[in-house]
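Architecture at a glance
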Amino acid sequence: MRTDQVTLPGGAAGTTRERLLAGVRSWVESTPVRRLVTHFGGDWPDGDLAAVLAGLDTFSARRWDFRQGRERPDAREPAFDPATAELVLSAAATLGLVRAVAPARTGYAHLLVLGGMAHACLRRTAYAAVLARSAAEVTGEVAVLGSFRPLSAAESRALDAAGLSGCATEVDVLDAGVRLAFGVTEPDDERGEPAGHPHRAWSSRTYRPAGLPPVRVLAAPSSEPDRRRAHTADTQRFWAEHVRLRAGDPVLMVTAPIYVPFQHCDALRTLAVPYGCGIETVGVDPAARAAVDVPEPTLTPGRYLQEIRSALRSMRALHATLAAG
């Protein structure tokens, strides 16, 4: 781990509101964030932490939002000069978006795997199997959280080329990834509600691999089905209700390194604060390969800036939750 890496807000069970707020402030007001704001022509916002977060949200929407409401693969790729690209990549590394870090503990109550694009679903389920077998004792369950997002044409082509056909949605790929990585074929328990609408439907499949904790593949309904599909926070809350998450439970969450800051803070807001559990978030080790090789996108300076913005917005939401409590 880099000795100069900026630390994210702590996620240990029992972390106080004051320490979480201090962690948000430390990351948001760190030197890399300040340098990026200055380099892209911004002035540091005046006021308390809430005002700073609001100001950075507005600024980053203007300068670092290349998605403009689109899915991540459809984001515009900005053209940066070499000095700007180097500054962004250096900031991303220091802010914790580049390098994978091994889990800090040897045991957890639960292991969460977050879904994503098809390649990410396969990589993350493969890494979860590695962790469950050798690096982290899981006393509860491995929960693989996805949605009914339809696969893009590019994802479907990549899966077909890799010999993994028959997947129509994100949760289908996660399910296939679990079967491959954990060596299972049929779920021990399967339930759900089609609901006739992908934003209202939910599904749960539980596998029981020999010698390992149960593995649940879960897709949640949207909390705003008339507006959008389920997002990560919806799925996390849905899972917490199903598993009866308890105060003090240490939870390890797996995603990609580039998403660690924003998804860690989302999990603090949706799981740690209301349930009192612990949250530790790690990125997939690049040495852990999926059983099916699907091409992965190149992580560019534009992608990193977009996810630094995501982290700032996630910290703003976390701050608002803490301030309201």
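So, here's what we can say about the structure. Just so it is clear, the structure is predicted and the values come from calculations on it, not from any experiment. (Residues numbered from 1 in each chain as written. Predicted model: local features only at pLDDT ≥ 70, side-chain atom pairs only at ≥ 80, totals over all residues. Heavy atoms only, no water.)

Points about helix H7 (residues 170-182)
- Here H7 contains 13 residues, and its C-alpha end-to-end distance of 18 Å stays within 8% of the 18 Å for a straight helix at 1.5 Å per residue.
- Extensive coverage of H7 is indicated by the burial of ten of its 13 residues.
- Buried positions along H7 lie against helix H5 (118-135), strand S4 (142-146), helix H6 (153-161), strand S6 (202-207) and strand S7 (215-219).
- Positive backbone phi, approximately 65°, marks Gly183, located one or two places after H7. (Helix = DSSP H or I, 4+ residues; strand = E, 2+ residues; numbered from the N terminus. Expected span 1.5 Å × (residues − 1). Buried < 20%, exposed > 50% of the residue type's maximum accessible area, 1.4 Å probe, protein only. Contact = heavy atoms within 4.5 Å.)

Observations regarding the sheet that holds strand S2 (residues 110-114)
- The seven strands lie next to each other as S5-S6-S7-S4-S2-S8-S9, forming an open sheet whose pairing is mixed. On the outer flanks of this sheet lie strand S5 (189-193) and strand S9 (278-283), each paired with one strand and no other. Across this sheet, the average inter-strand angle for adjacent strands is 15°, counted without regard to direction.
- Here S2 pairs with strand S8 (residues 250-255) via four bridges, running parallel. Within S8, the residue paired with Val113 across the bridge is Val254.
- Across the face of the sheet, H5 comes into contact with S2, S4, S8 and S9 while running at roughly 165° to S2.
- Packed on one face of the sheet, helix H8 (residues 232-243) meets S2, S4, S6, S7 and S8 and runs near 130° to S7. (Pairing = 2+ DSSP bridges. Axes fitted to C-alpha atoms, helices over the stretch in contact; angles between N-to-C directions.)

Concerning the pattern of salt bridges
- All told, the structure shown has 20 salt bridges when counted by the stated rule.
- Between Glu141 and Arg216 there is a salt bridge; the shortest N-O distance is 2.9 Å. Taken together, the residues Glu141 in the loop between strand S3 (137-138) and S4 and Arg216 in strand S7 connect sequence positions 75 residues apart. Across the pair, Arg216 and Glu141 agree in class, each one buried.
- In this structure, Arg149 and Glu155 form a salt bridge, with 2.9 Å as the shortest nitrogen-oxygen distance. (Salt bridge = Lys/Arg side-chain N within 4 Å of Asp/Glu carboxyl O.)

Some remarks on the nonpolar core
- Ranked by internal contacts, the top residues of the largest apolar core, which has 54 residues, are Trp27, Val28, Trp64 and Trp239.
- Among the elements that take part in this core, helix H10 (residues 301-324) stands out by supplying eight residues, more than any other.
- Excluding residues within four positions of it along the chain, Trp64 makes contact with Leu36, Val37, Phe40, Phe59, Leu305, Gln306, Ile308, Arg309 and Leu312.
- Counting residues in hydrophobic clusters, the runner-up holds 42 residues, among them Tyr127, Val138, Leu151 and Val184. (Core = buried A, V, L, I, M, F, W, Y, C linked by side-chain atoms within 4.5 Å.)

Quick look at the side chain of Glu280
- Positionally, Glu280 belongs in strand S9.
- Despite its burial, Glu280 pairs with no opposite charge; the closest candidate is Arg105, at 5.6 Å N-O.
- Apart from the residues lying within four places of it in its own chain, the contact partners of Glu280 are Ala102, Pro103, Ala104, Arg105, Tyr108, Val251, Leu252 and Met253. (Lys, Arg positive; Asp, Glu negative; His and termini not counted.)

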